[in-house]
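# Close look at the chain arrangement
In case you want the letters, here they are:
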Amino acid sequence: MNRIKEVLVIQGKSQVWLAEKLGKSTTSITAICNNKSQPHLKDLKKIAEILDVDIRELLVSTKG
């Protein structure tokens, strides 16, 4: 599972919520969460801030 999507599920937040907070379209967030596109680094940093996680948590899988 995509890490951004996984963190959203853990925190009980939706992709629509993240899109609104980030100022992006729901379509673009869905594409990122489904590994169809990659966020720009500045957007990834902002996503980490919004979700209150270290950016590395969004980059590295927690599953061994």
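Up top is the structure.
Described below are features of the structure shown in this document. All of these numbers come straight from a predicted model, not from anything done at the bench. (Residues numbered from 1 in each chain as written. Predicted model: local features only at pLDDT ≥ 70, side-chain atom pairs only at ≥ 80, totals over all residues. Heavy atoms only, no water.)

### Some remarks on helix α4 (residues 41-51)
Just so we agree on the cut-off: Exposure classes here rest on a 1.4 Å probe applied to the protein chains alone. A residue is buried below 20% of its type maximum, exposed above 50%, and partly exposed in between. Under the DSSP-based scheme used, a helix requires at least four consecutive residues in state H or I and a strand at least two consecutive residues in state E, with every element numbered from the N terminus. The arc in question is the one spanned by the directions pointing from the helix axis to the C-beta atoms. Here, residues are in contact when the closest pair of their heavy atoms is within 4.5 Å.
Regarding α4, the residues found buried are Asp43, Leu44, Ile47, Ala48 and Leu51. Down the axis of α4, the sector holding all buried residues measures 145°, keeping them to one side. Turned more than 90 degrees off the buried face of α4, the exposed positions are Lys42 and Glu49. Where α4 is buried, its residues contact α1 (3-11), α2 (15-22) and α5 (55-59). Where α4 terminates, the next one or two residues include aspartate 52, which has phi positive at roughly 55°.

### Things to note about the packing of α2 against α4
This is how it is decided: Under this scheme, a helix contributes an axis fitted over its contacting stretch, all axes are lines through C-alpha atoms, and angles between N-to-C directions fall in the 0 to 180 degree range. Between 65 and 115 degrees an angle is taken as roughly perpendicular, under 35 as roughly parallel, over 145 as roughly antiparallel, and anywhere else as oblique. Left-handed is the label given to a crossing in which the near helix is rotated counterclockwise from the far helix by less than a right angle, and right-handed is the label when the rotation is clockwise. Residues are grouped as follows: nonpolar covers Ala, Val, Leu, Ile, Met, Phe, Trp, Tyr, Cys and Pro; charged covers Asp, Glu, Lys and Arg; every other residue, Gly included, is treated as polar.
Across the interface, α2 lies against α4 with an axial gap of 10 Å and an inter-helix angle of 115°. As judged from the angle between their axes, α2 and α4 are roughly perpendicular. The handedness of the crossing between α2 and α4 is right-handed. Residue-level inspection shows Trp17, Leu18, Lys21 and Leu22 of α2 in contact with α4, the latter providing Asp43, Lys46, Ile47, Ile50 and Leu51. The class makeup of the residues in the contact of α2 with α4 is six nonpolar, no polar and three charged.

### Here we look at unusual backbone geometry
One non-glycine residue, asparagine 35, adopts positive backbone phi at about 60°. One non-glycine residue, aspartate 52, lies in the positive phi region at around 55°. Along the polypeptide, aspartate 52 turns up in the loop between α4 and α5. Here aspartate 52 falls in the exposed class, since its relative accessible area comes to 69%.

### Section: the side chain of aspartate 43
Threshold: For this analysis, a polar contact is any N or O atom pair within 3.5 Å, provided that within protein one partner can donate a hydrogen and the other can accept it, and provided that sequence-adjacent residues contribute only side-chain to side-chain pairs.
Among the structural elements, aspartate 43 can be located in helix α4. At a separation of 3.3 Å, a polar atom in the side chain of aspartate 43 contacts the side chain of lysine 24. Among all residues touching aspartate 43, those that are not within four sequence positions of it are Leu22 and Lys24.

Everything listed here is a matter of geometry and, on its own, says nothing about what the molecule does.
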